[in-house]
Amino acid sequence: AEAVVFRKTLRFFNQLLLGGLLPDIPHFYASPCLPRKDHIQSMGSQNASNGVLDAIWKLLASIQLTIVLLLSLAGTSIIGTLIPQNSEPAAYVAAFGETLYRFFAVLGLFDMYHSWWFQILIVLLAANVVVCSADRLSAGRRILFVRRPAYQAARFRNLPDREVFTEERDPGILRTLYEPYVSKKVHAVHIETSEGGFRIFGENGRWTRFGVYAVHLSVVLLLVGGLIGSIFGFDGFVNIPEGDTVQQISLRSTGERLRLPFAIRCDDFDVSFYETGAPKEFRSSLTLLDNGRPVLQKDIIINDPLRYQGISIFQSSYGTMPSRDAVFSFTSRATGMVYTREMKVGQETQLPENLGTFVLAELRHQAQFKGHPVGDAFIGRLTMPDGTGHEVVLPIRFPTFDRMRRGEVVIAVDQFKEKHYTGLQVNKDPGVDLVYSGFILMILGCYVTFFMFHQQFCVELSQQSERTHITVSGISGKNKPGMMVKTRRLAQRLKKMTEKPE
């Protein structure tokens, strides 16, 4: 009675708590004597461990998991299409509100393809494909990984598509004719004797069964290549004025600054236009500097990037910006006199009428004044004779902007030169080679899977009523019309070999 209770209790916990992971071992449950406590613990832990591994393997080998993962990736891709990726936070707040913005930011929906959960889906799908392929290979190992396949004569009997003809010669004589020819046309030839004759078996294209596994491997390469690019790659941009050198770019995903292992210098920029005014071509002359030394120079245009150390630099956009030198006007409020000076960034000038000293500090793009954007502006420092200093903001679009300061001198940007800047897209994708390999392998795998097939042939000779009956048949898992044509050709060739010349 105690043994029965123990067995039922163990089965109950196995099904309820472990989901049936423990194997149903007959001698373990049916033992008339209870095993020792230490033996129960050791076997329980071992069975539970094996059961968990088996459950994980079965989960990864299930087609249901594949469907769930594919639907999840499709659904998340739709979300990534509906929600613009890597935009400014202000745009998201304006579109969704602050509450939804924070919720979506936690989920990583604004940079979905680099989020941890999307990468987990990719890893699970790759593992699912690998395990499914391994499981299927294991099931078909007797067909795929044998040197001499085992042929079954019963499979070739009574096939509707077979060729039958007769010969007057003895089966032994016909064997000397047929065996060398069949050995040239097919592989893995095997001959066995039968009642009144013999059978010649052979096959072609067994390797074509690996076509589907090539497709599976190509999917894994695509997934792994995309995952490597997502984790270890980057995508950024930078604007470089003519003659300037930069070594940092802005990442599109986060807006953070990334330092490159080399510097990029824009030596020249040219743009040509159609008669309608639309840009026809814009070309950047770039020089890459490694530790200050030029290492590579190239003119790039659209779809003709520069590549160095695994980093690609594409021509993306262009624009104009004020140059770093300009003509400034200084108007004295006391006398109304206007004085002009041509200055460069970093230059200092002494103003007449004892109005002080002015230093042109910088050219600031997208400058702000008391929290309000004013566009591109020169920033200067005005020091009065008494030693007091003032920061002067001089927006290029608003020449009279400095009047609001109500100082003794009014400063304005009188003239300035514009120069072009080139907009470059800079990215690195270390997984791109795997992705290209996956595409090529997928094309080859699909061709093998759909247009080539495994074929098995059987040529059976049996002597009946002083004549030899020859039956040529063939089987294939697919493309049965093509298999029928090959069988008919083989039979016609064998029949022609035994025909007597006239």
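Residues numbered from 1 in each chain as written. Predicted model: local features only at pLDDT ≥ 70, side-chain atom pairs only at ≥ 80, totals over all residues. Heavy atoms only, no water.

On to the packing of aromatic side chains, then. Within this structure, the stated rule accounts for 21 aromatic pairs. A centroid spacing of 5.1 Å and a plane angle of 85 degrees characterise the contact between phenylalanine 369 and phenylalanine 401, whose relative ring orientation is edge-to-face. Linking phenylalanine 369 in strand 13 (residues 356-369) with phenylalanine 401 in the loop between strand 15 (389-395) and strand 16 (409-428), this pair joins segments that are 32 residues apart in sequence. Among the residues examined, phenylalanine 369 registers a relative accessible area of 29% and is labelled partly exposed. Here a set of aromatic residues connected by ring pairs shows up, and it is made of Tyr92, Phe96, Tyr101, Phe103, Phe104 and Phe110. Of note, arginine 175 hangs over the ring of phenylalanine 198, and the distance from its end group to the ring centre comes to 5.5 Å. (Phe/Tyr/Trp six-rings, centres within 6.5 Å; stacked < 30°, edge-to-face > 60°. Helix = DSSP H or I, 4+ residues; strand = E, 2+ residues; numbered from the N terminus. Buried < 20%, exposed > 50% of the residue type's maximum accessible area, 1.4 Å probe, protein only. Lys NZ or Arg CZ within 6 Å of the ring centre and 35° of its normal.)

Across the sheet, which stays open at both edges, the five strands sit in the order 1-18-17-3-2 with antiparallel pairing between neighbours. Both outer strands of the open sheet, strand 1 (162-167) and strand 2 (187-194), are each paired with one neighbouring strand and no more. Across the sheet, the mean angle from the axis of one strand to that of its neighbour is 15 degrees, orientation sign disregarded. Sheet analysis places strand 3 (residues 197-204) next to strand 17 (residues 455-464), joined by eight bridges and oriented antiparallel. Directly across from phenylalanine 201, in strand 17, lies its bridge partner cysteine 458. Across the sheet, helix 8 (residues 171-185) is in contact with strand 1, strand 2, strand 3, strand 17 and strand 18 (467-476); its angle to strand 3 comes to roughly 5 degrees. (Pairing = 2+ DSSP bridges. Axes fitted to C-alpha atoms, helices over the stretch in contact; angles between N-to-C directions. Contact = heavy atoms within 4.5 Å.)

Across two bridges, the pairing between strand 4 (residues 234-241) and strand 5 (residues 245-251) is antiparallel. Paired with phenylalanine 237 across the bridge in strand 5 is serine 250. Hairpin remark: strand 4 followed by strand 5, antiparallel, with three residues in the connecting loop; positive phi at glycine 243, about 85 degrees. Looking at chain direction, strand 5 and strand 6 (residues 257-273) are connected through five bridges and run antiparallel. Residue pairing across strands places glutamine 248 opposite arginine 259, the latter belonging to strand 6. Counted along the chain from strand 5 to the antiparallel partner strand 6, the turn is five residues long, and its residue glycine 255 has a positive phi close to 80 degrees.

A separate point is the environment of glycine 236. Residue placement: glycine 236 occurs in strand 4. Residue classification places glycine 236 among the buried positions, given a relative accessible area of 0%. Put simply, glycine 236 and leucine 251 are 15 residues apart on the chain and 4.1 Å apart in space, counted from C-alpha to C-alpha. Not counting the four nearest positions on each side in its chain, glycine 236 is found in contact with Ile249, Ser250, Leu251, Arg252, Leu424, Gln425 and Val426.

If you look at the biggest cluster of nonpolar residues, it comprises 22 residues, and the most contacted ones within it are Leu73, Ile83, Trp117, Phe118, Ile122 and Leu125. Elements with a minimum of two residues in this core: helix 4 (63-82), helix 5 (89-107), helix 6 (116-139) and helix 9 (211-232). The greatest single-element share of this core, amounting to eight residues, is contributed by helix 6. Among residues more than four places away in sequence, those in contact with isoleucine 83 are Tyr92, Phe96, Phe104, Leu109 and Phe110. Judged by nonpolar contacts, the second largest core, of 20 residues, contains Val238, Ile264, Cys266 and Ile313. (Core = buried A, V, L, I, M, F, W, Y, C linked by side-chain atoms within 4.5 Å.)

It is worth spelling out the pattern of salt bridges at this point. The full count for this structure, using the stated rule, is 13 salt bridges. Residue arginine 488 pairs with glutamate 163 through a salt bridge whose shortest N-O separation is 3.8 Å. Here arginine 488 is found in helix 11 (residues 480-497), whereas its partner glutamate 163 is found in strand 1, with 325 residues between them in sequence. Since its relative accessible area comes to 27%, glutamate 163 is described here as partly exposed. For the salt bridge of aspartate 235 with arginine 252, the shortest nitrogen-to-oxygen distance reads 3.8 Å. Of this pair, aspartate 235 sits in strand 4 while arginine 252 is found in the loop between strand 5 and strand 6, placing the two residues 17 residues apart along the sequence. Taking the relative accessible area as the measure of exposure, aspartate 235 reaches 31% and is therefore partly exposed. (Salt bridge = Lys/Arg side-chain N within 4 Å of Asp/Glu carboxyl O.)

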